[in-house]
Amino acid sequence: MRHILSVTVENEPGVLSRVAGLFSGRGFNIESLNVGPTLDPGVSVMTITTEGDEQIIEQIVKQLRKLITVIKVVDLTDLKSVLREMVLLKVNANDANRAEILRTVDIFRCKVVDVSIDELTIEATGNYEKISAIVGLLTRFGVKEVSRSGMVAMKRSIQN
Amino acid sequence: MELSGAQILLECLKREGVEVIFGFPGGAVIDIYNELPNSSLKHVLVRHEQGAIHAADGFARASGKVGCCLVTSGPGATNTVTGIATAYMDSIPVVILTGQVPTPLIGNDAFQEVDIVGITRPCTKHNYLVKDVSQLAHVIRQAFYLARTGRPGPVLVDLPKDVMQKKTKFVWPDDVKMRSYNPNIKPHAGQIKKVAQLIRDAERPIIYAGGGVITSKGHEALTWLAQNLHIPVTATLMGLGCFPGKDKLWLGMLGMHGTYAANMAINNADLVLAVGARFDDRVTGKVSTFAPLATLVHVDIDPTSIQKNVSVHVPLVADCRLALEALKEELTPSLAEYDFETGHLPWVSKVRAWAKEHPLTYKPSETTIKPQSVVETLHELTKGEAVICTEVGQHQMWAAQFYTFNEPNCFLSSGGLGTMGYGFPAAIGAQFARPDKLVIDIAGDGSIQMNIQELATSVCNNLGVKIVILNNGYLGMVRQWQELFYNKNYSSTCMDAQPDFVKLAEAYGATGFRITAPGDLTRVLKQALETPGTVIVDVRVEREENVYPMVPAGASLTDMLLV
């Protein structure tokens, strides 16, 4: 099962390598990993999407907590949380299908951020399902390039 | 007054209680070596950096304190990596100080530059690169704190040359506080009650003790629990000595080369109390058939050890000593209410019957020396009171099986990583930690050659370390596997060319003995142990003797090959 982990770390050199090395060294899988600073310059937050059964996820969480530079690990999977990913897609567009692509963009409330004679670059933001759906729909027009941010996530304040 | 980085470093080491430091100089640490003569620290010059780290490790294991070593950048640093991984696998507190090229040169592929922090990230508890001299005291304090607390382990500090030269005001940090590191050492009261009840209810309990009992100094509480509640005890290689080997409840080691009694007891127990052990594959054999009838209780300070290899019923994250003492307190009133001796008698009798049925044994010979008999003779001659170090292989298992350990911190062996060449430098470290003790390295003819250069260190420091080589002319453990599982294809395991170990000892200024006849064994061994200074005893033993019992890798513990 897919799990989203929010990992609060000390913002210091080598911390990404410690986390990434832990996953590769122990044979855990990283689907996506996103790092960014917080309001506290000494602290960064990583959002890691990973997959595994209960026992593996338990090990991943415990091994992460064991790293000296990791301050806090929260598994957001069973909590109410906001999950978002951003993706940029460069799609083939000609006079015959441009209107159809734009309609799809509209329905999914995406944005066209760059245009040229035969392509459109689309920015889509959403949860995992939405991103999968839009990528799936646009593939038939021919997607030339994809760039994904990886999931970012936050626990909701109200859990009930 | 301002001090240089090198001066601050040495002052910090002194304040951390370091008395002896094992090291080897080089360009990047020359500033530190320049200050060493002005310090009260005893520096032991090794002959190879691997010797330095193993000696620091041996010092730590024998003393229970943090070991410390100092090496230069580049090759000096990389030579310690095997020793760091050894200490990491066995949770040994060591601080490794490595030199580094000056900070402006880092990343330029400078002479003797290597990213040792990057290299050792997966085999240290934590590591640091000190880029600013004002951070130095703080980092050293944290390094020692991390090494000795929680689940102990090696911590590396990389020290660029310019940082050692720069001056700053020395401020000793009063306290170490780390927001991201707060190991939980106190046992959960509810879990203690639960475990105590399981112990009260158990009919066939067994204690499976590991190195954590020794590290936490929990051996007394463990011995109390076992003896008062009449629970048989088995231990891992790392746990040997945590319970008196002469006690009737002692079953010997469990696992691949464990005793028949220990493995049968695990297989039939209804309660396994695992303390400071980590269900290593060499212990469990086939995991799905390990302790099939038992409720598993797992006490360990490291949460990642729990549910890693085996799914346990009752986890208890705590310092082993504190957990065992809490159990003692909880169970003391039960002694008046329940007669554990009578209650466990059928079980204890059964376990003893197994021990009688298949004890640790070997076929004696009148013509060749049996390696097991060498260990037995050493035990007799030393009354079981020596500190025994080992290398890795058959001799290591025979030492574990046939030298009965009654005290903790007296058996030093690379358990997790299985590092050949560990024993002799570790014995040097142990001798510095315990000058009062006889320290013996039980070695194989293969392993001893991996760090033989440390003879110079031992002789130079007038150490009385005794090396007893069980010389069978083979890399015996690999040969045993080839015999049993690879159709006797002895590929590259025969040590055709060997040095003359007696002459080798003499060349280094040590004393050498050779024993070839069983009739000479006791007399010459006694003479060797009584000879002052460093001694090598080359004992020519039965060449194709095997270690038994043996559970083939991946088999169930009950599938033992016996003598």
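Please read these numbers as outputs of a predicted model, since none were measured by experiment. (Residues numbered from 1 in each chain as written. Chains lettered and ligands numbered in written order. Predicted model: local features only at pLDDT ≥ 70, side-chain atom pairs only at ≥ 80, totals over all residues. Heavy atoms only, no water.)

### Details of the sheet that holds strand S3 (residues 42-45) of chain B
Residues and elements named next belong to chain B. Formally: Should DSSP find at least two bridges between two strands, the strands are taken to pair. Comment: elements are numbered from the N terminus, with helices defined as DSSP H or I runs of at least four residues and strands as E runs of at least two. Comment: axis = line fitted to C-alpha atoms, over the contacting stretch for helices; angle = value between 0 and 180 degrees taken between N-to-C directions. By definition in these notes, contact holds between two residues if any of their heavy atoms fall within 4.5 Å.
The six strands are arranged S3-S2-S4-S5-S7-S6 in an open sheet whose pairing can be described as parallel. With partners counted over all chains shown, the strands left at the sheet margins are S3 and strand S6 (126-129), one partner each. Recorded for the sheet is a direction-independent mean angle of 20° between the axes of neighbouring strands. Pairing of strand S5 (residues 94-100) with strand S7 (residues 154-160) involves seven bridges; the strand directions are parallel. When the bridges of S7 are listed, Leu97 appears paired with Val157. Contacts between helix H7 (residues 136-148) and the sheet are confined to strand S4 (67-71), S5, S6 and S7, with S7 contributing the most and set at about 165° to the helix.

### Side note on the interface of chain B and chain A
Under the convention used in this document: In the sections that follow, a salt bridge refers to a side-chain nitrogen of Lys or Arg positioned within 4 Å of a carboxyl oxygen of Asp or Glu. Here a polar contact is recorded for every N or O atom pair within 3.5 Å, except that within protein the pair must consist of a potential hydrogen donor and a potential acceptor, and residues adjacent in sequence are included only if both atoms are side-chain atoms. Following the grouping adopted for this structure description, the nonpolar residues are Ala, Val, Leu, Ile, Met, Phe, Trp, Tyr, Cys and Pro, the charged ones are Asp, Glu, Lys and Arg, and the polar ones are all others, Gly among them.
Contacts between the two partners involve 17 residues from chain B and, on the opposite side, 18 residues from chain A. On the surface where chain B and chain A come into contact, there are three salt bridges. In this structure, the salt-bridge partner of Asp40 of chain A is Arg179 of chain B, at a minimum N-O distance of 4.0 Å. Joining chain B to chain A, the criterion identifies ten residue pairs in polar contact (both at pLDDT 80 or more). Looking at the side of chain B that touches chain A residue by residue, the classes come out as six nonpolar, five polar and six charged.

### Quick look at the domain arrangement of chain B
Residue and element names in this part refer to chain B. Note the threshold: Each domain's limits were defined by an automated method or a database of domain assignments. Summed over both partners, buried area is the accessible surface (1.4 Å probe) that two parts give up on being assembled.
When cut into domains, chain B gives domain 1 (2-169), domain 2 (189-357) and domain 3 (371-540). For domain 1 and domain 3, the distance between their C-alpha centres works out to 29 Å. With 24 residues of domain 1 at the interface, the matching set in domain 3 holds 25 residues. At the boundary of domain 1 with domain 3, total buried surface from both sides reaches about 1800 Å², with 65% on carbon and sulfur atoms. Where domain 1 touches domain 3, the interface holds zero salt bridges. Elements that contribute at least two residues to the side of domain 1 that touches domain 3 include exactly strand S2 (20-23), S3, helix H3 (49-63) and helix H5 (81-89). Ranked by residues supplied to the side of domain 1 that touches domain 3, first place goes to H3 with ten residues. Grouping the amino acids of the side of domain 1 that touches domain 3 by side-chain chemistry returns ten nonpolar, nine polar and five charged.

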